[in-house]
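Fold and geometry: a report
Chain residues, written in single-letter form:
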Amino acid sequence: MQRTRRAAAAAAMTVAVVLAGCTAEPVEDEVEGAAADTTTEPAAPPQGGTAADPRIEQMAEHATDAPGELTEPLLGADMLVSSTEELDDDTIAAIRDLPGVEVAEPIGLAQIPVQDQVLTVAAVDPATYRRFTPAESAQLLDVWTRVAAGEIAVPTDVGETLRDADGYLRLGNEEGAPDLHVGALAPQVTRVQGVVNKSWGESLGIPGDNALLIATGSASPQEVRPALQELAGDGASVQVLGPDLDISVQQTAVLTGGSVAAAVGTFNYQVLSGGRIAPDPAWVEENIRTQQVPILGTVTCHKVMLPQLEAALREIVERGLADKIHPGEYGGCYYPRFIANTTQPSLHSFGIALDLNVPGNGRGTVGEIDRSVVQIFKKWGFTWGGDWGWTDPMHFEMSQLVEAR
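What counts, and where the lines are drawn
- Residues numbered from 1 in each chain as written.
- Predicted model: local features only at pLDDT ≥ 70, side-chain atom pairs only at ≥ 80, totals over all residues.
- Heavy atoms only, no water.
- Core = buried A, V, L, I, M, F, W, Y, C linked by side-chain atoms within 4.5 Å.
- Buried < 20%, exposed > 50% of the residue type's maximum accessible area, 1.4 Å probe, protein only.
- Helix = DSSP H or I, 4+ residues; strand = E, 2+ residues; numbered from the N terminus.
- Contact = heavy atoms within 4.5 Å.
- Disulfide = S-S within 2.5 Å.
- Pairing = 2+ DSSP bridges.
- Axes fitted to C-alpha atoms, helices over the stretch in contact; angles between N-to-C directions.

On to the nonpolar core. Of all hydrophobic cores here, the largest spans 46 residues; its most connected members are Met305, Leu309, Ile352, Leu354, Phe377, Phe382 and Phe396. When residues in this core are grouped by element, the largest group, six residues, is from helix α11 (residues 306-318). Ignoring any residue separated from it by four or fewer positions in sequence, one finds leucine 309 in contact with Val299, Cys301, Leu354, Phe377 and Phe382. In this structure, Ile112, Leu162, Leu185 and Ile206 belong to the second largest nonpolar core, which totals 23 residues.

Spelled out as structure tokens, the structure:
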């Protein structure tokens, strides 16, 4: 994977721009004081790809207008308003007119399963969203040209952990989920772990403009928040952005990325201690069920997953493999919490993942779980964590809807 690193004078930091061969012409950077050679030469298609690679063609189909030079000043990403539904034009206009709101930038915001994580992905207008990002990202035209061209920009830790050998990131664990080429490794706004253009946002099922980035200028975000919350409504999350999650306010979880996500639904939640969260009780009542299933006994999961889980376990019994699953080592299904060391809700929070035979199937190992059991779960619409780059062989999650018989 060929990669360029450019110095950004504003912060004396670097942004890695991954050459994908998807940009037809050299692109100039606008960073004062950068190296003399400020052009990015076109590269060959990524390793394993060709000019006719459907992944490249798909990105081209989602290309939007390229941004021009950055002529307006950078902005502080002071606050984030987010909702489970699209914000209407009148609400956005009223927020923009609110004293203390300097700029309000509409974006789409949703959570998408990617291997063992749930990434918060924003669908944006690259030309205007870039003003809210750290200077070392905002001032590099190449980053935003690539997003407009149909690639994805992610922070370095996300890209280096989750992209495949060809530089692609699969957004969603469902069969047929799209692969987007990682066009840039660049710092993003707090709470955002991936950025795509709005054409991709629509295809990914990200709600259109269900969030606003707010710059308050000289006004205090804390002083602006009460009036902002009143305009946004009780169902919206209004939080002050900073290095730490604002646990004092309601959060939103908008799962997208395929038919499973659509069936699971969205919810608001409150942050509890110890990495736990409390989803909206109305969503829990509507979606979470407790019932008896073969082998494991009583389980609590999302109602859409239970028929497929029961069908998989029933087939395991019928094939004489019941002893390969140990009920005493079952790690649970519905468990509303963050992924360890993150502030992203785990798929256990949605009740569509479960952990089996926990001892002997730890992270980063090949695992001891019987591979015939794995294949049966896959048949019934589950993804297995043992197939991920950093394996999690105890973990199974619902990735497609399968009619259970």
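Past the structure itself, the notes keep going.
This model, assessed by the stated rule, comprises one disulfide. One disulfide bridge connects cysteine 301 with cysteine 333, the sulfur atoms lying 2.4 Å from each other. Of the two residues, cysteine 301 sits in strand β18 (residues 297-302) while cysteine 333 sits in the loop between α11 and β19 (353-355), which places them 32 residues apart along the sequence. A residue is classified by how much of its surface remains accessible, and cysteine 333, at 3% relative accessible area, is buried.

What follows deals with the sheet that holds strand β15 (residues 267-271). Judged by pairing direction, the sheet is antiparallel, and its three strands sit side by side in the order β14-β15-β16 without closing on themselves. At either margin of the open sheet sits one strand with a lone partner, and together these are β14 (251-253) and β16 (277-279). The sheet shows a mean angle of 35 degrees between the axes of neighbouring strands, taken without regard to direction.

Geometry only, nothing functional implied.
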